[in-house]
Amino acid sequence: MKAKYLVLILVGLAFGACNKLDVAPLNIIKDQDIFTNETGVNSYLASIYGTMPIEDFIYRPERGFMNGDGERWQNFMQPGNLTGEMVGRYNVGDAAQGFGFWPYDKIRTINYMIVNFPKYAKAFTPDKYNQFLGEAYFCRAYFYFALVKRYGGVPIVRSLQSYPEQSIEDLSVPRNKEQEVYDFIASDLDSAISLMGDANIRARANKYVAAGYKSRAMLYAGTIAKYGATNYVDGDARQKGLAGIPADQATRYFQAAYDAAKLVEGHYSLYRKSDNKEQNYVDLFLDQSSPENMYVKDYSMSTGTAHSWDATMTCRYMTADGDAACYPTLDLVEKFTGPLPITNPDGTPKRFNDRSELKQGLEPRLLASIYFPGATLRGKEFDVQRGIYKKFNGTAAEELANNNTSSWDQPDNLVVSGDINQLYNGRRVMGLAGMYATAGNDNRTRTGLYVRKYINYKADQSTCGLYQSVQTWIDMRYAEVLLNRAEAAMELGTADKTADALNVINQLRDRAGAALATGNITIDTVRTERMKELAFEHHHWWDLRRWRIADKVLDNTRFYGIYPYWIENENKYIMLKQEEMGHRSFFFEKKWYYEPLPGGELGKNPNLYPNNPGY
Amino acid sequence: MKKLINSLLVAATICMATSCSKKDNYAGPDATFSGNLINSVTGKNLLTETGGFQIQLDELSWSSTPVPYNIPAKPDGSFKDTRIFSGHYRVIPRNGAFWPVDTTEIDISGNTTKDFTVTPYMEIKNFTWKLTGTTLQMTFNLFAPKTEGLPRVLDVQPFINNTQFVGSGATIYDVYTGPNILGINANYSDDMAKTTYTITVPNLLSGRTFYARVGVRVDDSNKKFNYSEIVKVDVP
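Numbering of residues begins from 1 in every chain and follows the order in which that chain's sequence is written. For naming, the first written chain is A and the first written ligand is 1, with later ones following in the order written. Restriction of local features to residues with pLDDT of at least 70 applies here, the model being predicted, together with a cutoff of 80 or more for giving and counting side-chain atom pairs; totals for whole chains, interfaces and linings are based on all residues.

On to the overall build of chain B. Tallying secondary structure elements over chain B gives three helices and 16 strands in all. Here the C-alpha radius of gyration of chain B, 26 Å, is well above what a compact globule of 236 residues would show, namely 18 Å. Considering only C-alpha atoms, chain B reaches an extent of 95 × 45 × 30 Å along its principal axes. Counting other C-beta atoms within 10 Å of a residue's own tells you its class, since 20 or more makes it buried, 12 or fewer makes it exposed, and anything in between is partly exposed; those C-beta atoms are placed from the backbone. Looking at the 236 residues of chain B, the share that counts as buried comes to 29%. Whether two residues are in contact is decided by their C-beta atoms, placed from the backbone, lying within 7 Å. In chain B, 65% of the contacts between residues at least 6 apart in sequence involve partners at least 24 apart. Numbering goes from the N terminus for both helices and strands, where a helix is a DSSP run of H or I of at least four residues and a strand is a run of E of at least two. For the radius of gyration, the atoms used are the C-alpha atoms, and the globule rule reads 2.2 Å times the number of residues raised to 0.38.

As a further point, take the domain arrangement of chain A. What fixes the domain bounds is an automatic or database domain assignment. Its domain assignment divides chain A into domain 1 (102-267 + 590-615) and domain 2 (313-351 + 374-446 + 559-587). For domain 1 of chain A and domain 2 of chain A, the distance between their C-alpha centres works out to 47 Å.

So, about the sheet that holds strand E15 (residues 572-579) of chain A. Strand pairing in a sheet takes place through backbone hydrogen bonds and is either antiparallel or parallel in direction. Residue and element names in this part refer to chain A. A pair of strands is treated as paired once DSSP finds two or more bridges between them. Taken together, four strands build an open sheet; the order of strands is E8-E7-E14-E15 and the sheet is mixed. Edge positions in the open sheet fall to strand E8 (414-416) and E15, since each of these has one partner strand only. Ignoring strand direction, the axes of neighbouring strands in this sheet form an average angle of 30 degrees. Here strand E7 (residues 387-389) pairs with E8 via three bridges, running antiparallel. Bridge assignment links Tyr389 to a residue of E8, and that residue is Leu414. Comment: axis = line fitted to C-alpha atoms, over the contacting stretch for helices; angle = value between 0 and 180 degrees taken between N-to-C directions.

For the rest of this paragraph, the subject is the confidence of the model for chain B. In this model, chain B carries an average pLDDT of 91, and 99% of its residues clear a pLDDT of 70 or more. For this predicted complex, the interface confidence reaches an ipTM of 0.84, while the overall pTM sits at 0.91. Scored between 0 and 100, pLDDT is the confidence that the predictor attaches to each residue.

In this section: the nonpolar core. The nonpolar core criterion groups buried Ala, Val, Leu, Ile, Met, Phe, Trp, Tyr and Cys residues into a set whenever they are joined through C-beta atoms within 7 Å. Judged by nonpolar contacts, the single largest core of 164 residues is most densely connected at Ala141(A), Ile185(A), Ala192(A), Ala210(A) and Ala257(A). No other element matches helix H6 (residues 126-151) of chain A, which puts 14 residues into this core. Residue assignment places this core across two domains, with domain 1 (102-267 + 590-615) and domain 2 (313-351 + 374-446 + 559-587) of chain A each supplying three or more. Counting residues in each nonpolar core, the second largest holds 42 residues, with Phe79(B), Phe98(B), Val166(B) and Val216(B) among its members.

On to the domain arrangement of chain B, then. Put simply, an interface is often sized by how much accessible area is lost when its parts join up. All names here are of chain B. Taken domain by domain, chain B holds domain 1 (31-118) and domain 2 (123-234). Here the C-alpha centroids of domain 1 and domain 2 sit 26 Å apart. Across the contact, 12 residues belong to domain 1 and 16 residues belong to domain 2. Under the grouping applied here, Gly and all other residues not named as nonpolar or charged are polar, the nonpolar ones being Ala, Val, Leu, Ile, Met, Phe, Trp, Tyr, Cys and Pro and the charged ones Asp, Glu, Lys and Arg. Per-class residue counts for the side of domain 1 that touches domain 2 are five nonpolar, six polar and one charged.

Attention shifts here to helix H12 (residues 277-284) of chain A. Regarding H12(A), the residues found buried are Glu278(A), Asn280(A), Tyr281(A), Val282(A) and Leu284(A). Here the buried face of H12(A) lies against helix H15 (364-369) and helix H18 (495-512) of chain A.

Turning our attention to the interface of chain B and chain A. At the junction of the two partners, chain B supplies five residues and chain A supplies 11 residues. A breakdown of the residues in the side of chain B that touches chain A according to their chemical character gives two nonpolar, two polar and one charged.

UniProt positions are given in the numbering used here, feature names are shortened, and annotations may be inferred rather than shown by experiment. Summarizing the sequence annotation, UniProt attributes the feature "domain: SusD-like N-terminal" (unreviewed entry) to residues 103-219 of chain A in the numbering used throughout. Helix makes up 63% of residues 103-219 of chain A and strand 0%, with an end-to-end C-alpha separation of 23 Å.

All names here are of chain B. On the secondary structure map, Ser206 appears in the loop between strand E13 (196-201) and strand E14 (209-218). Judged by local crowding, Ser206 falls into the exposed class, with 9 C-beta atoms found within 10 Å. When the C-alpha positions of Ser206 and Val235 are compared, they lie 5.2 Å apart, and in sequence the two are 29 residues distant. When residues no more than four places from it in sequence are discounted, the contact partners of Ser206 are Thr134, Val235 and Pro236.

This part takes up unusual backbone geometry. Residue and element names in this part refer to chain A. Here the bond from Tyr163 into Pro164 is cis, since omega is 10 degrees, no more than 30 degrees from zero. In this fold, Pro164 is placed in the loop between H6 and helix H7 (168-171). At Arg548, a position not held by glycine, the phi torsion is positive, near 55 degrees. Its place among the elements puts Arg548 in the loop between helix H20 (540-546) and helix H21 (550-553).

For the rest of this paragraph, the subject is the UniProt feature "domain: DUF3823" (unreviewed entry) in chain B. All names here are of chain B. Per the UniProt record, "domain: DUF3823" (unreviewed entry) is found at residues 32-119 and 123-232. Counted over residues 32-119, helix gives 0% and strand 50%. Its end C-alpha atoms are 26 Å apart. Between the C-alpha atoms that bound residues 123-232 there is a distance of 20 Å. The span itself is 9% helix and 49% strand.

Okay, helix H8 (residues 178-195) of chain A next. Residue and element names in this part refer to chain A. Expected span, for any helix, means 1.5 Å times one less than how many residues it has. Compared with an ideal rise of 1.5 Å per residue, which puts 18 residues at 26 Å, H8 spans 26 Å between its outermost C-alpha atoms and is within 8% of the ideal. What H8 keeps buried is the set Glu178, Gln179, Val181, Tyr182, Ile185, Ala186, Asp188, Leu189, Ser191, Ala192, Ile193 and Leu195. Buried positions along H8 lie against H6, helix H9 (207-227) and helix H11 (250-264).

All right, on to the pairing of strand E10 (residues 135-143) of chain B then. Residue and element names in this part refer to chain B. Burial along E10 is one-sided: the residues Leu136, Met138, Phe140 and Leu142 are buried and none of Thr135, Gln137, Thr139, Asn141 and Phe143 is. In this antiparallel pair of consecutive strands, strand E9 (residues 123-132) and E10, the connection spans two residues, and Gly133 shows a positive phi of 65 degrees. Where E10 and E13 come together, six bridges link them in antiparallel fashion. Following the sheet pairing, Leu136 is matched in E13 by Val201.

See the structure below:
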């Protein structure tokens, strides 16, 4: 009886067996799940956009892009500190050799899409398909540009590398020439321009964004070709064209930069919403709907991506926590104004009834970029004051030569303090916004000045803490495209191009509230305009490098601040131009025009040799 | 049971204690490499400062693309490193104020010495000084041993320090060097060779002893200085 059941079961099993188990695994996402629908492609692209090497608020030139890193609150560790537009915690050498940037894993993610996505083209309308593919090309160009501006020539990898299917020898790709990499970037951006549409999608690329970046990359290539031909460090890498571009290529690149910039015209415009030029320039960096914004990066507290710009650019007197640790220099201010009117013709310091008199008549763009003594933020005055002179009878020059120790028969004539609460005859010795007697403490200014650009003045003080700032980073704005166009035009040098450069510069100056340029402008006019317009936006470091003037501008150079003092017996303020309190010496070695290839990569891939000259 | 566990523990301890006893059978960095950088014009050591040039070593025993190792210059123009691995090296003096030289390959073991002969970009000649009160006046001529292809001459800087270690990396910059730099910024010429230059450093602190020299640099890759001799200045 039992045996009968057993046989039945066996028969049943025999018939039921050998059903091939070919159900697709539900926990693995395959290409056809991603590349066949908009949601999938969008999420794939989001994973690329999310890791783009954008030099934003949290970028640190010696540490990298700090996405998700615990020290990404230190927004004052920014490249402006390397150039003298600001002074802060860096010496040039601390960050000039980079951080071993080598994002070929991210490039592979993009290559994967460029190789595999076309197989699923039929799932989309041609416009959609082209837009998506164009974005992939844009992103790849963005990565390669971040590489080439640091290292010069790097290996160009277009295909999808696979290991262990390919041998190590196959995968050890040698460096391409610097010129080849720039041409590769240009061709990727050309693909992006021809594929993408002109719809403006926030934090993503379109046709004109790609053109904007092309103008930037081609301008870099042109200036490196032109100025790198005379100022360079010789070595194997230069001889082989890995570091350096032949000078005869310069014109071609300048023309490409000019054409790309010109393509953007009419599709974006300078921000001019308010008639008050100073307020307009402040809001340009805060207004999400600015028609000047081309490519942006957003932040939010809910996703844990907020930054700390408000808490780390001004002192805690105006914020909830954090410290300031980088300060604009008077040298930058003087690019706008020439020497400030702080000294009378006879050499004595000019007397001010109120610190804010200093700001009167200055360019609105300058006032919107920098907080001067006497400016206000969140209802509090930047009451910057280094100390109290009991009396001041001489000239500024004598007093500075005397190291602030002239007495004019008054013992302990200058009263300074390291203590914010110390009073002298009922008056604070140092202002609540600074300055200390000497450097040693961060948080309060070392130059008399603070950064205003990007500061969210509308935010309540209690919300200005670390990881609480969510202003958008504007990675490319139309003003830069105009500056790229003007610079390329001046380098090309024909009469119509020079006229166009003048016209472009005056568009920017008009918006800035500055005096318009007339007549003959030079390449220096354009470069200075660029420094002024793009101050603190992380451009100047790369500009100094690609113009190959960093070793001349930063040659044991010291930078200056403006120090307000109270004169007790006159009840007036004076301002002295003094070296910034950190007394940093800025020095740029020529070999830093290229960063060294990362040692770990050289170890893995001997074909990357020769390293850049001097390393 | 307890016995078993204990004996297992004992066995494991013995195993662990006796395993992995492989000794490193490579020699340690016990070789010494030293030498001098000889000025081809004077036949004496190149006048330099601490770190004024580097001797770059590439150890070719294991790889054709090794990580470079650098020995920094001593202030007397010599170099010495007593912790080098014995092996076959490619060596070159670099990053100094002299015309580039070719690499040489040598075997380093035990106590290896090697002198290199280099031609400086510039020489400070006829260097004299005098102290008037607290003002130091230094006069000199500039001379280029090799003029063809010489990069533009940038400047001459005075270096003043309170120890005999004095140079661009060891000077009282803000007070004595920075304000008194003699900018030249021109290509070397016969006129330049004939000119007698003077650098004046005022307001030396009285009652101190200073060490002083001047250095000239050209706009080459490294922008290092060619120096004069060091002089000792007692300020009354």
